[in-house]
Amino acid sequence: MSYAQLLPAHLHSQLFKQVRSSSFLCQNSKTNQNIPRRLVLNVQADRSSATMQKPEMKVPHVLTVAGSDSGGGAGIQADLKACAARQVYCSTVVTAVTAQNTVGVQGVDIMPEDFVAEQLKSVLSDMDVDVVKTGMLPSPGIVRVLCQSLREFPVKALVVDPVMVSTSGDALAGPSVLDGLREELLPLANIVTPNIKEASVLLGGVPVRSVSDMRAAAKLIHDMGPRNVLVKGGDLPNSSDAIDVLFDGEGFHELCASRVNTRNTHGTGCTLASCIAAELAKGSSVLEAVRAAKHFIETALDYSKDIVIGNGAQGPFDHFFALKKVHQSSYRQDKFNPNDLLLYAVTDSGMNRKWGRSISDAVKAAVEGGATIVQLREKHAETREFLDAAKACLKICHSYGVPLLINDRIDIALACNADGVHLGQSDMPAHVARTLLAPGKIIGVSCKTPEQAQQAWIDGAHYIGSGGVYPTTTKEDNITIGIDGLKELCLASKLPVVAIGGIKPSNVRAVMEIGVPNLKGVAVVSALFDRECIKTETENLHTLVSEAVLQKKRA
């Protein structure tokens, strides 16, 4: 043990500041007489040893292989900005240099194949790349070079954005590239992300004009070899929503977001694929990565909808909105997506005991059936038992890209790193909970009156749970507000609302058709968990709620 280790911490700190300067040892001879030289050496040795033993920090790393956009809205430039916004390191291999702006593409200069190969080797042989994301691959030779490099330097995942046409309609890859994509690259891909036009081209001109067509296209493209296919419906005609279809080889996931009315959509495809790659590099599942990427795009477009850059039909958007949002409610949008409230499953320990199920088994069945958010409400569970169950349920929910909230118990939410909490009127106020939870954690509040809804907004809640709409046995002395009370609260609320209380398949349509846009879904307990087959009941209710939402948007 060194002398430095024997000193109190505050003295060690002061001493280190002094001995760090060599002039101190020469000029302050009086002090040097009281401080043995070996002490100075030991302090320096301790510092050196600590530096040498400091553990390395692995940074998630995406390599983008794509073309350069001189306008900065798409291509390599969009990929760099998207990864930076998602806190992931991004390296680049340039396949082509374009002269383009918001009007269109004026010129394309394709990189020589051997130079693309040299770039790939430079990065992959030196850096610990987690995920490779591809964009513009303008020649069959470059596709072959990329495939050879991926076989020589394997990575955890490959995200293929089959860029063939720019947003403005300019061709960026010829027909000769298609065979290489289909036969060589797609079989290596973890996920491929065509829009409806690109899906049609990959399938030889098969028209893709509806969600049903998107599902069929996703399945056919999956037969080409990729493990997951995301067909993007942003350009789907006659649709008020941006609907994407994800097919994982076994089942479909329809991901719905509000369509943002803006001209600033240049680079959305590149950005979405890069965000997916970034989330995969951080360890997310494919579904979770797609959900996060889609929410990022929706939020970025909404933030950027009125900015003006360039004079063309399609402008770029701002990837770094999170750094600039200073409005009171800006933190509300970090991780929370109001569309997650569509089918809100609330667990009940008594029902689990009645049917002989564990909490985790019940939650797994619900998310498999289509629950879009889960709340653990376990009023009588022991703390240790509840914490262990919460950790297991969080793992299950995140594997499906579903947020998990804890009812009331902020201590449990903090201990298991849940996505947030739901609070009642007698619980800790939302603004106090905000000081305890990490930025971006979700906070919901139960409200029965417009005054409570206003306070929830002021306190920084993300959403309101309103009810009971109908009588229910899951809460004692629960005062019902009825359909009219629900509508009154929704009209008074500045926050998204989820309806709760006695909701079941026979009355869910009446709830969802009250005609207010901020009613985003229904929260249910008995209709899911007090049933023999939770998954089947969830699937049925999910279909009914989804149909009601679509009908409301068409009206």
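Looking up the protein in an unreviewed UniProt entry gives the name Thiamine phosphate synthase, with the organism given as Acacia crassicarpa. You can read under Subcellular location (unreviewed entry) in the UniProt record for the protein the words "Plastid, Chloroplast". Check the Sequence similarities (unreviewed entry) section of the UniProt entry for the protein; it says "Belongs to the thiamine-phosphate synthase family."

Asker: Talk me through the overall build of the protein; I want residue IDs and the actual numbers.
Answerer: The number of helices and strands found in the protein is 24 helices and 17 strands. Contacts in the protein between residues far apart in sequence, at least 24 positions, make up 67% of those at least 6 positions apart. Approximately 25500 Å² of the protein is accessible, and the part contributed by carbon and sulfur atoms is 52%.

Asker: Account for a nonpolar patch on the surface, with residues named and values stated.
Answerer: Taken together, the side chains of Met-57, Val-59, Tyr-89 and Met-127 present a nonpolar region at the surface, about 420 Å² in accessible area. When you line up the elements, Tyr-89 lands in strand β2 (residues 89-100).

Asker: Hey, could you go over the sheet that holds strand β17 (residues 519-524) for me, with residue numbers and the actual values?
Answerer: Pairing within the closed barrel is parallel, and its eight strands lie in the order β10-β11-β12-β13-β14-β15-β16-β17. Put simply, the sheet's adjacent strands are angled 25° from each other on average, direction ignored. As defined by bridge partners, strand β10 (residues 343-346) adjoins β17 across three bridges and the pair is classed as parallel. Each residue of the ladder has a partner; that of Tyr-344, found in β17, is Ala-523. The sheet contacts of helix α20 (residues 450-459) involve β14 (442-447) and β15 (463-467), and relative to β14 the element is tilted by about 165°. Those strands touched by helix α21 (residues 482-492) are β14, β15, β16 (497-500) and β17, and its axis lies near 165° from that of β16.

Asker: With reference to specific residues and values, describe the nonpolar core.
Answerer: By size, the foremost hydrophobic cluster in this structure holds 78 residues, and its most contacted members are Leu-376, Leu-486 and Leu-519. Take this core: its biggest share by element is eight residues, from helix α17 (residues 383-399). Once residues lying within four places of it in the same chain are set aside, the contact partners of Leu-486 are Ser-466, Val-469, Ile-481, Val-497, Ala-499, Val-511, Ile-514 and Leu-519. Counting residues in each nonpolar core, the second largest holds 43 residues, with Leu-124, Ile-142, Val-208 and Ala-217 among its members.

Asker: Which residues make up helix α8 (residues 140-152), and what values do they have?
Answerer: In this model α8 runs 19 Å from its N-terminal to its C-terminal C-alpha over 13 residues, within 8% of the 18 Å that 1.5 Å per residue would give. Along α8, the positions that sit buried rather than exposed are Gly-141, Ile-142, Val-143, Val-145, Leu-146, Cys-147, Ser-149 and Leu-150.

Asker: Just give me the short version of the environment of Asp-306, but keep the residues and values in it.
Answerer: Note that Asp-306 resides in the loop between α13 (286-304) and α14 (321-324). Judged by relative accessible area, which is 67%, Asp-306 ranks as exposed. Taking the C-alpha atoms as reference points, Asp-306 and Asn-264, 42 residues apart in sequence, are found 8.0 Å from one another.

Asker: Lay out the packing of aromatic side chains in plain terms, naming residues and giving numbers.
Answerer: On inspection of all chains with the given rule, the structure shows three aromatic pairs. Where Phe-336 meets Tyr-463, the ring centres are 5.9 Å apart and the plane angle is 25°; that geometry is what we call stacked. Here Tyr-463 lies in strand β15 and Phe-336 lies in the loop between α14 and β10, a separation of 127 residues in the sequence. Relative accessible area serves as the criterion here: at 0%, Tyr-463 is assigned to the buried category. Within the aromatic cluster, the residues linked to one another by ring pairs are Phe-336, Tyr-344 and Tyr-463. One cation-aromatic arrangement involves Arg-215 over Phe-252; the distance from NZ or CZ to the ring centre is 4.3 Å.

Asker: With reference to specific residues and values, describe the state of the cysteines.
Answerer: Enumeration according to the criterion identifies zero disulfides in this entry. Summary of cysteine pairing: Cys-397 is not part of a disulfide, and the nearest cysteine sulfur, belonging to Cys-393, is at 6.4 Å. Judged by its relative accessible area of 0%, Cys-397 is buried.

Asker: Any details on the pairing of strand β4 (residues 131-136)? Residues and values, ideally.
Answerer: Across the six residues of β4, six count as buried, placing the element largely inside the fold. Sheet analysis places strand β1 (residues 61-69) next to β4, joined by four bridges and oriented parallel. The residue of β4 that forms the bridge with Val-62 is Val-131. Note: β4 against strand β5 (residues 157-163), five bridges, orientation parallel. Its bridge partner lying in β5, Val-132 is registered against Leu-158.

Asker: Got a sec to walk through the confidence of the model for the protein? Specific residues and values, please.
Answerer: Overall, the predicted model of the protein reaches an average pLDDT of 85, with 85% of residues at or above 70. Across the protein, the secondary-structure element scoring lowest on mean pLDDT is helix α3 (residues 22-27), at 37, and the one scoring highest is strand β6 (residues 191-192), at 98. In this model, residues 325-334 is a region of pLDDT below 50 whose contacts with residues beyond four sequence positions or in other chains number 22 contacts.

Asker: Tell me about the packing of helix α16 (residues 359-369) against α17, and name the residues and values.
Answerer: Helix-helix packing: each pair is described by the crossing angle between the helix axes and the interaxial distance. Where α16 contacts α17, the axes come no closer than 9 Å and their chain directions differ by 20°. Considering the angle they form, α16 stands roughly parallel to α17. Seen from above, α16 lies across α17 with right-handed handedness. Touching Ile-359, Ser-360, Val-363, Lys-364 and Val-367 of α16 are Ala-389, Ala-392, Cys-393, Ile-396 and Cys-397, all from α17.

Rules used throughout
Residues numbered from 1 in each chain as written. Predicted model: local features only at pLDDT ≥ 70, side-chain atom pairs only at ≥ 80, totals over all residues. Heavy atoms only, no water. UniProt positions renumbered as here; feature names shortened; annotations may be inferred. Helix = DSSP H or I, 4+ residues; strand = E, 2+ residues; numbered from the N terminus. Contact = heavy atoms within 4.5 Å. Areas by Shrake-Rupley, 256 points an atom, 1.4 Å probe, with all protein chains shown as cover. Patch = residues over 30% accessible without salt bridge, like charges linked within 9 Å, V, L, I, M, F, W, Y side chains within 5 Å. Salt bridge = Lys/Arg side-chain N within 4 Å of Asp/Glu carboxyl O. Pairing = 2+ DSSP bridges. Axes fitted to C-alpha atoms, helices over the stretch in contact; angles between N-to-C directions. Core = buried A, V, L, I, M, F, W, Y, C linked by side-chain atoms within 4.5 Å. Buried < 20%, exposed > 50% of the residue type's maximum accessible area, 1.4 Å probe, protein only. Expected span 1.5 Å × (residues − 1). Phe/Tyr/Trp six-rings, centres within 6.5 Å; stacked < 30°, edge-to-face > 60°. Lys NZ or Arg CZ within 6 Å of the ring centre and 35° of its normal. Disulfide = S-S within 2.5 Å. pLDDT = per-residue confidence, 0-100. Parallel < 35°, antiparallel > 145°, perpendicular 65-115°, else oblique. Left-handed = near helix turned anticlockwise from the far one by under 90°.

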